[in-house]
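# Structural description and commentary
Here are the chains, one letter per residue:
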Amino acid sequence: MVSATPFRRAEFKSAYGPKYQYQPNFNGWSGQTMFRTAFRLGLFGGAAAVGAILFTSGIPRIQTDVLNKIPGMAQFYKKEIHPQDNPF
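Definitions and cut-offs
- Residues numbered from 1 in each chain as written.
- Predicted model: local features only at pLDDT ≥ 70, side-chain atom pairs only at ≥ 80, totals over all residues.
- Heavy atoms only, no water.
- Helix = DSSP H or I, 4+ residues; strand = E, 2+ residues; numbered from the N terminus.
- Buried < 20%, exposed > 50% of the residue type's maximum accessible area, 1.4 Å probe, protein only.
- Areas by Shrake-Rupley, 256 points an atom, 1.4 Å probe, with all protein chains shown as cover.
- Salt bridge = Lys/Arg side-chain N within 4 Å of Asp/Glu carboxyl O.
- Patch = residues over 30% accessible without salt bridge, like charges linked within 9 Å, V, L, I, M, F, W, Y side chains within 5 Å.
- Contact = heavy atoms within 4.5 Å.
- pLDDT = per-residue confidence, 0-100.

## Notes on the overall build of the chain
- Secondary structure assignment for the chain yields 4 helices and 2 strands.
- Reading the helices (α) and strands (β) of the chain from amino to carboxyl end gives α-β-β-α-α-α.
- Per-residue burial over the chain gives 6% buried out of 88 residues.
- Accessible surface for the chain amounts to roughly 8,700 Å². Of this, 64% is attributable to carbon and sulfur atoms.

This is how it looks when you write it as structure tokens:
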């Protein structure tokens, strides 16, 4: 029996069989797989970042250092104390 080498396999190609083509990859990950995975990880990372900001938005240090630098958020976290309620 003759072993199947890449050259022997290439000798006969059926017109009705699948059309195989070389697909470049990096450690088994094709370009399409990498793009899809990166996109999904970006979406989950963005959702996690928004959740973390909402969860920690009550901390004054987060309000001054992070949230006040976002346009429109500074007005939301601005605390105005009525002069009669101010103990000083």
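Here the narrative resumes, following the displayed structure.
## Regarding the pattern of salt bridges
- Counted under the stated rule, the structure contains 1 salt bridge.
- For Asp 65, the salt bridge is made with Arg 61, and the minimal N-O distance between the two is 2.5 Å. Of this pair, Asp 65 and Arg 61 both sit in helix H3 (residues 60-65), separated by 4 residues, roughly a single helical turn.
- On the basis of relative accessibility, which here comes to 37%, the residue Asp 65 falls in the partly exposed class.

## Focus on a nonpolar patch on the surface
- Together, Phe 26, Trp 29 and Met 34 give the surface a local cluster of nonpolar side chains, amounting to about 330 Å² of exposed area.
- By the secondary structure assignment, Met 34 is in helix H2 (residues 31-55).
- Accessibility expressed as a relative area gives 37% for Met 34, which makes it partly exposed.

## Digging into unusual backbone geometry
- Backbone geometry places Asn 27, a non-glycine residue, at a positive phi of 55°.
- With respect to the helices and strands, Asn 27 occurs in the loop between strand S1 (25-26) and strand S2 (29-30).
- Residue classification places Asn 27 among the exposed positions, given a relative accessible area of 67%.

## So, the side chain of Gln 63
- Relative to the elements of secondary structure, Gln 63 occurs in helix H3.
- What makes Gln 63 buried here is its relative accessible area of 10%.
- Excluding its chain neighbours within four sequence positions, the residues that come into contact with Gln 63 are Ser 57, Gly 58, Asn 68, Tyr 77 and Lys 79.

## Some points on the confidence of the model for the chain
- Mean pLDDT over the chain works out to 84, with 89% of the residues at or above the 70 mark.
- For the chain, the element scoring lowest by mean pLDDT is helix H1 (residues 6-9), at 56; H2 scores highest, at 95.

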